[in-house]
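Structural overview
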Amino acid sequence: MSVGTSSPSKSSGQALLRWSEPGSPSREAVVQVIETHVSEAVIRCGLQLTKKTKVYLMGEKFTTMGTIRSCRHSGAQFLLTIRTNGAEFTSSTTSLLDPGIRAVEDFLTPEQEEEILACLTNEA
């Protein structure tokens, strides 16, 4: 593992791992982030992925692109080490990928939507 400063605030919790293999559509899996460093992350995943697979790792406050450096069997799951660009494993308010329905579900509560619609109706 490379020498670097670990980021405990980013290392706890879950993230979404997205990847695609040649000739196959993109796939996603929810993974557990074990630790993060300047140039790599270690995650626990239920699937075995091959070395050199390009991946996107998206957490609550970060998004990074990388390549699978190693995949080790650990009980019923696998520990994956992802080599990242380093500069990309930072907090980000903009995503390189469309966040999809997850972001839309958290965008407005039904009560907030009703308030906005009521204000629009009153203005018209």
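**A short note on the overall build of the protein**
- Secondary structure assignment for the protein yields three helices and six strands.
- In the protein, the order of α-helices and β-strands from amino to carboxyl end is α-β-β-β-β-β-β-α-α.
- Per-residue burial for the protein yields a buried fraction of 31% across its 124 residues.
- Considering only contacts within the protein whose residues lie at least 6 apart along the sequence, 54% involve residues at least 24 apart.
- Per element, the accessible surface of the protein, about 8,400 Å² overall, is 53% carbon and sulfur.

**Concerning the pairing of strand 5 (residues 63-74)**
- Where strand 4 (residues 54-58) and strand 5 come together, five bridges link them in antiparallel fashion. Bridge pairing in strand 5 links Lys54 to Thr67.
- Hairpin connection between strand 4 and strand 5: a loop of four residues separates the two successive antiparallel strands.
- Pairing of strand 5 with strand 6 (residues 77-84), which is carried by eight bridges, proceeds in the antiparallel orientation. If you follow Gly66 over to strand 6, its bridge partner there is Thr84.
- Remark: two residues form the turn of the hairpin made by strand 5 and strand 6, two consecutive strands paired antiparallel; Gly75 in that turn has positive phi of roughly 65°.

**Focus: helix 3 (residues 110-123)**
- A rise of 1.5 Å per residue sets the reference length of helix 3, with its 14 residues, at 20 Å; its end C-alpha atoms lie 20 Å apart and thus fit the reference within 8%.
- Helix 3 sits mainly on the outside: zero of its 14 residues count as buried.

**Details of a negative patch on the surface**
- A cluster of like negative charges, contributed by Glu111, Glu113, Glu114 and Glu115, occupies part of the molecular surface.
- Here Glu114 is to be found in helix 3.
- Accessibility expressed as a relative area gives 57% for Glu114, which makes it exposed.

**A few points about the pairing of strand 2 (residues 27-36)**
- Where strand 1 (residues 14-19) lies against strand 2, six bridges are found, and the strand directions are antiparallel. Note on strand 2: the bridge partner recorded for Arg18 is Glu28.
- Strand direction decides the pairing type here: strand 2 and strand 3 (residues 40-45), joined by four bridges, are antiparallel. Paired with Glu35 across the bridge in strand 3 is Val42.

**Some remarks on the confidence of the model for the protein**
- On average, residues of the protein score 77 in pLDDT, and 71% of them are at 70 or above.
- Element-level mean pLDDT values for the protein span from 41 in helix 1 (residues 8-11) up to 93 in strand 6.
- The model gives residues 91-95 a pLDDT under 50, and that stretch makes five contacts with residues more than four places away or in other chains.

**A short note on the side chain of Thr81**
- Relative to the assigned elements, Thr81 resides in strand 6.
- The exposure class assigned to Thr81 is buried, which follows from its relative accessible area of 1%.
- In this structure, Thr81 is in contact with Glu40, Ala41, Val42, Thr67, Ile68, Arg69, Ser70 and Arg72, ignoring residues within four places of it in sequence.

Reading the values: the criteria
Residues numbered from 1 in each chain as written. Predicted model: local features only at pLDDT ≥ 70, side-chain atom pairs only at ≥ 80, totals over all residues. Heavy atoms only, no water. Helix = DSSP H or I, 4+ residues; strand = E, 2+ residues; numbered from the N terminus. Buried < 20%, exposed > 50% of the residue type's maximum accessible area, 1.4 Å probe, protein only. Contact = heavy atoms within 4.5 Å. Areas by Shrake-Rupley, 256 points an atom, 1.4 Å probe, with all protein chains shown as cover. Pairing = 2+ DSSP bridges. Expected span 1.5 Å × (residues − 1). Patch = residues over 30% accessible without salt bridge, like charges linked within 9 Å, V, L, I, M, F, W, Y side chains within 5 Å. Salt bridge = Lys/Arg side-chain N within 4 Å of Asp/Glu carboxyl O. Lys, Arg positive; Asp, Glu negative; His and termini not counted. Charge placed at Lys NZ, Arg CZ, Asp CG, Glu CD. pLDDT = per-residue confidence, 0-100.

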